[in-house]
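# Overview (structure and organization)
For reference, the chains in residue letters:
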Amino acid sequence: EDKPAVTLMTIHASKGLEFPVIFIAGLEEDLFPVGGRRGEDIDYEEERRLFYVAITRAQSKLFFSHARFRYKFGEEQRMKRSRFLDEVDPGVVRTENGATIKQKGSSSSESSGFEGSQIEYDRPYRRASKSSHSSSRIHYDQPGEDPFQTGAKVIHEKFGRGKIVNRKGRGNNTKVVVYFKNQGQKTLMLRVVQDKMDVVG
């Protein structure tokens, strides 16, 4: 307890506490404020009150963060920054590049973020070995070219050796179900693991 540490907690759990530095993560629509569940209306006033609670936990410094894209339930989704950020006095906020908080929001346009994501998707697959210097683009919907087929043995840089036991989806939404010897079964987005997993003999 006498060493510096990061404390992770929900906003509800932070009530009555204060810390020198606070990070509020996930300031995105449908996350904070949380989206409606089971058809219920969103209680924006309650969410706004929680946002105020989070802000006032900071004694010295407060950091906001939000993502342009987020993986939710195995799917990549474009996120819209939280409306609460636009309600913060821009005169008391500095962004990492010096713009005001409103300028920062307007610069994250639909086109700029989406185009960047498309470039990311166009990275070529490696065929088998990480030591190979040659690569060619593999199209997800052409099984003859794609080595990540059901039954293929693979090695993942984190999960180790495994075997693909199922494959589902099409295009950028293709997923593989892999049973790893030491980690059990995991469902992975194929486009995400292309630089982390190789087919082995």
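Residues numbered from 1 in each chain as written. Predicted model: local features only at pLDDT ≥ 70, side-chain atom pairs only at ≥ 80, totals over all residues. Heavy atoms only, no water.

## Structural notes on the environment of Lys163
Our working definition: The numbering of helices and of strands both runs from the N terminus, where a helix is a DSSP run of H or I of at least 4 residues and a strand a run of E of at least 2. Accessibility here uses a 1.4 Å probe with only protein chains present; expressed as a share of the type maximum, an area under 20% marks a residue as buried, one over 50% as exposed, and anything in between as partly exposed. Only heavy atoms matter for contacts: two residues are in contact if any of them lie within 4.5 Å across the pair.
Its place among the elements puts Lys163 in strand E6 (residues 160-168). Look at Lys163 and you get partly exposed, because its relative accessible area is 41%. Separated by 22 residues in sequence, Lys163 and Gln185 place their C-alpha atoms 9.4 Å apart. In contact with Lys163, not counting residues within four places along its chain, are Gly151, Ala152, Lys153, Val154, Val177, Val178 and Tyr179.

## A short note on the packing of aromatic side chains
Between two aromatic rings, the relevant description is the distance of the centres plus the angle of the planes. To be explicit about the condition: Only centres within 6.5 Å qualify two rings of Phe, Tyr or Trp (six-membered ring in Trp) as a pair; their planes then separate them into stacked at under 30 degrees, edge-to-face at over 60, and tilted for everything else.
Going through the model one piece at a time under the given rule, you end up with 6 aromatic pairs. Their ring planes at 40 degrees and their centres at 5.8 Å tell us that Phe51 and Phe64 sit as a pair that is tilted. Placement of the pair is Phe51 in helix H1 (residues 44-55) and Phe64 in strand E2 (residues 58-64), with a sequence separation of 13 residues. The partly exposed category is assigned to Phe64, whose relative accessible area is 24%. Ring centres 5.4 Å apart and planes at 20 degrees place the aromatic pair Phe51 and Phe84 in the stacked group. With Phe51 in helix H1 and Phe84 in the loop between strand E4 (75-78) and helix H2 (101-107), this pair connects stretches of sequence that are 33 residues apart. As far as the burial class goes, Phe51 and Phe84 line up, both buried.

## Overview of the sheet that holds strand E5 (residues 153-156)
Cut-off, in case you're wondering: Two strands qualify as a pair provided that DSSP identifies no fewer than 2 bridges between them. Angular values range over 0 to 180 degrees, each being the angle between N-to-C directions of two axes fitted as lines to C-alpha atoms, with helices fitted over their stretch in contact.
In spatial order, the strands read E8-E7-E6-E5-E9; together these 5 strands make up an open sheet with antiparallel pairing. Pairing within the sheet leaves two strands with one partner each, and these edge strands are strand E8 (184-189) and strand E9 (197-199). The average undirected angle you get between the axes of adjacent strands in this sheet is 35 degrees. Bridging between E6 and strand E7 (residues 175-180) involves 6 bridges; their strand directions are antiparallel.

## Description of unusual backbone geometry
Put simply, Phe32 and Pro33 share a cis peptide bond, and its omega is 15 degrees. Here Pro33 is to be found in the loop between strand E1 (19-24) and H1. In the Ramachandran plot, Asp30 falls in the positive-phi region, its phi being about 70 degrees despite a non-glycine side chain. Along the chain, Asp30 turns up in the loop between E1 and H1. Overall, Asp30 belongs to the partly exposed group, its relative accessible area being 49%.

## Describing the nonpolar core
Applicable threshold: The set of buried Ala, Val, Leu, Ile, Met, Phe, Trp, Tyr and Cys residues whose side-chain atoms join them within 4.5 Å is what this entry labels a nonpolar core.
If you look at the biggest cluster of nonpolar residues, it comprises 13 residues, and the most contacted ones within it are Phe148, Val154, Ile164, Val176, Val178, Leu188 and Met197. Only E7, helix H4 (190-193) and E9 provide two or more residues apiece to this core. Sorting elements by how many residues they give to this core places E7 first, with 3 residues. Residue contacts for Ile164: discarding those within four places in its chain leaves Phe148, Gln149, Thr150, Gly151, Ala152, Val154, Val176, Val177 and Val178. By size, the runner-up hydrophobic cluster in this structure holds 11 residues, among which are Ile22, Ile24, Leu27 and Leu50.

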